[in-house]
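Here's the letter readout for the chains.
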Amino acid sequence: MTSTEPADGLVPRVGVLGGGRMGAGIAHAFLVRGATVVVVERDQEAADAARARVATSVEASVERGAVTRSAQDLLAGLTTAVDHGAFAGCDLVVEAVPEDAALKATALARVEAQLSPGAYLATNTSALSVSELATSLARPERFLGLHFFNPVPASKLIEVVLGDRTSDGTVAAARRWVQALGKTAVVVRDSPGFASSRLGVAIALEAMRMVEEGVAAPEDIDNAMVLGYQHPVGPLRTTDLVGLDVRLGIAEHLHATLGERFAPPQVLRDKVAAGELGRKAGRGFYDWP
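Now for a look at the structure at hand. Worth saying up front: this structure is predicted, and the values here are computed from it rather than measured. Residue indices begin from 1 for each chain and proceed along its sequence in written order. Totals for whole chains, interfaces and linings use all residues, but because this is a predicted model, local features are given only for residues with pLDDT of at least 70 and pairs of side-chain atoms are given and counted only at 80 or more. As a rule here, side-chain values come from all non-hydrogen atoms in the structure, and water together with hydrogens is ignored.

Bringing the packing of helix α8 (residues 218-229) against helix α9 (residues 235-242) into the picture now. With axes taken as lines fitted to C-alpha atoms, and helix axes fitted only over the stretch in contact, angles between N-to-C directions fall between 0 and 180 degrees. Secondary structure counts use DSSP, requiring at least four H or I residues in a row for a helix and at least two E residues in a row for a strand, with both numbered from the N terminus. As a packed pair, α8 and α9 sit with axes 7 Å apart at the nearest point and diverge in direction by 105°. Considering their axes alone, α8 and α9 lie roughly perpendicular with respect to each other. Along the contact surface, α8 presents Pro-218, Ile-221, Asp-222 and Met-225, while α9 presents Pro-235, Leu-236 and Arg-237. Three classes are used, and their members are as follows: Ala, Val, Leu, Ile, Met, Phe, Trp, Tyr, Cys and Pro are nonpolar, Asp, Glu, Lys and Arg are charged, and the others, Gly among them, are polar. When its residues are assigned to classes, the contact of α8 with α9 shows five nonpolar, no polar and two charged. Each angle receives one of four descriptions, namely roughly parallel if under 35 degrees, roughly antiparallel if over 145, roughly perpendicular if within 65 to 115, and oblique otherwise. The criterion used for residue contact is that any of the two residues' heavy atoms lie within 4.5 Å.

Right, dumping it as structure tokens:
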């Protein structure tokens with residue numbers, strides 16, 4: 001791959017709506033594989049912050065030797081903007097706004113209006129129905145879920161979620177994108193929590209109940225899964241990394257759709273109410289410096 005050619009199978013021009021932790025990670029993943037990327041945010045301050053996040057991440061990859069191109073060269077392919085019109089000309093746009101169905105549906109429709117008929121659109125939702133989000137779109141056959149995992153640069157998994165009207169061609173294209181990013185695709189049909197969130201949240205909620213009942217300390221519960229079951233990170237530390245507010249939102253959605261086994265424990269509600277949201281807030285089930 002030269003400095004100007006994207007990896008085989010990767011779309012050359014990618015848009016990302018939302019430049020928070022996940023959006024910046026998604027932008028990083030495409031940039032370092034050779035795509036040009038535009039990140040759109042709500043205002044200039046947020047756009048500047050998004051660029052800084054991506055730059056920090058890219059520079060760290062260069063320092064680790066994970067990529068051979070310079071940070072300056074890679075970041076030359078990044079544009080930030082505050083107007084959805086910046087997505088015109090993109091081959092793929094990935095929406096990465098907060099997990100609110102109405103917000104995502106409105107955002108996706110606005111983005112689609114800027115795209116050519118041959119472009120693809122994806123949502124980074126971790127639990128919301130892809131089929132329901134597609135109802136606001138004119139071309140649902142070119143829409144699907146691309147569930148990236150945090151931290152995106154290090155994660156090897158992307159969950160490809162098929163809506164009711166996602167075409168076979170779109171699925172095939174998504175498999176190529178994931179492979180070109182150096183990651184592995186897990187393809188699932190649209191269902192509450194898909195595969196990863198449903199399993200991950202189920203384990204995390206039970207771990208929280210164990211904390212609530214005084215069965216063991218968070219660190220001991222996590223070590224049981226890390227050392228006993230070879231999980232790279234325990235469920236409570238993972239919850240802190242994801243964000244307790246995010247986990248609560250997913251749990252409430254799964255509770256409403258799948259029943260009582262996903263009822264959020266009171267300890268989770270209490271911590272969110274107290275602002276103990278995990279690493280981003282400095283405290284969750286652990287204290288973060």
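Below, the discussion takes up α8. Each helix should span, by expectation, one fewer than its residue count multiplied by 1.5 Å. Between its first and last C-alpha, α8 extends 16 Å over twelve residues, near the 16 Å set by a 1.5 Å rise per residue. Working definition: with a 1.4 Å probe on protein chains only, accessible area under 20% of the residue-type maximum means buried, over 50% means exposed, and in between means partly exposed. Those residues of α8 that sit buried are Pro-218, Ile-221, Asp-222 and Met-225. Taken around the axis of α8, the buried residues stretch over an arc of 95°, which confines them to a single face. Residues Leu-227 and Gly-228 are exposed on α8 and point more than 90 degrees away from its buried face. Among the structural elements, α7 (196-212) and α9 are those in contact with the buried residues of α8. Downstream of α8 by one or two residues, Gln-230 has phi in the positive range, about 65°. When we speak of the arc, we mean the arc of directions from the helix axis to the C-beta atoms.

Once that is clear, we can look at the pattern of salt bridges. For this analysis, a salt bridge means a side-chain nitrogen from Lys or Arg found within 4 Å of a carboxyl oxygen belonging to Asp or Glu. Throughout the structure, instances matching the rule amount to eleven salt bridges. Residues Arg-13 and Asp-91 are paired through a salt bridge, measuring 3.0 Å at the closest nitrogen-oxygen approach. Highlighted residues: Arg-13 in strand β1 (residues 13-17) and Asp-91 in the loop between β3 (78-81) and β4 (92-95), separated in sequence by 78 residues. We classify Asp-91 as buried; its relative accessible area is 18%. One salt bridge in this structure joins Asp-287 and Arg-283, with 3.3 Å as the shortest N-O distance. The exposure class of Asp-287 is exposed, given its relative accessible area of 60%.

Burial along strand β5 (residues 120-123) is two-sided: Tyr-120 and Ala-122 and Leu-121 and Thr-123, pointing in opposite directions, are all buried. In this scheme, strands are said to pair when DSSP sees at least two bridges between them. Inspection of the sheet shows β4 paired to β5 by four bridges, in the parallel sense. Within β5, the position partnered with Val-94 by the bridge is Ala-122. Note on the crossover from β4 through helix α4 (residues 101-112) to β5: the handedness is right-handed. If the strands point away from the viewer and the path from the first strand over the helix to the second runs clockwise, then the crossover is right-handed.

Here Glu-95 lies in strand β4. Nitrogen and oxygen atoms within 3.5 Å of one another constitute a polar contact, given that in protein one can donate a hydrogen and the other can accept it, and given that sequence-neighbouring residues count only through two side-chain atoms. A polar contact is formed between the side chain of Glu-95 and the backbone nitrogen of Val-97, at a distance of 2.9 Å. Those residues within four positions of Glu-95 in sequence are excluded, and the remaining contacts are Leu-17, Lys-104, Leu-108, Ala-122, Thr-123 and Asn-124.

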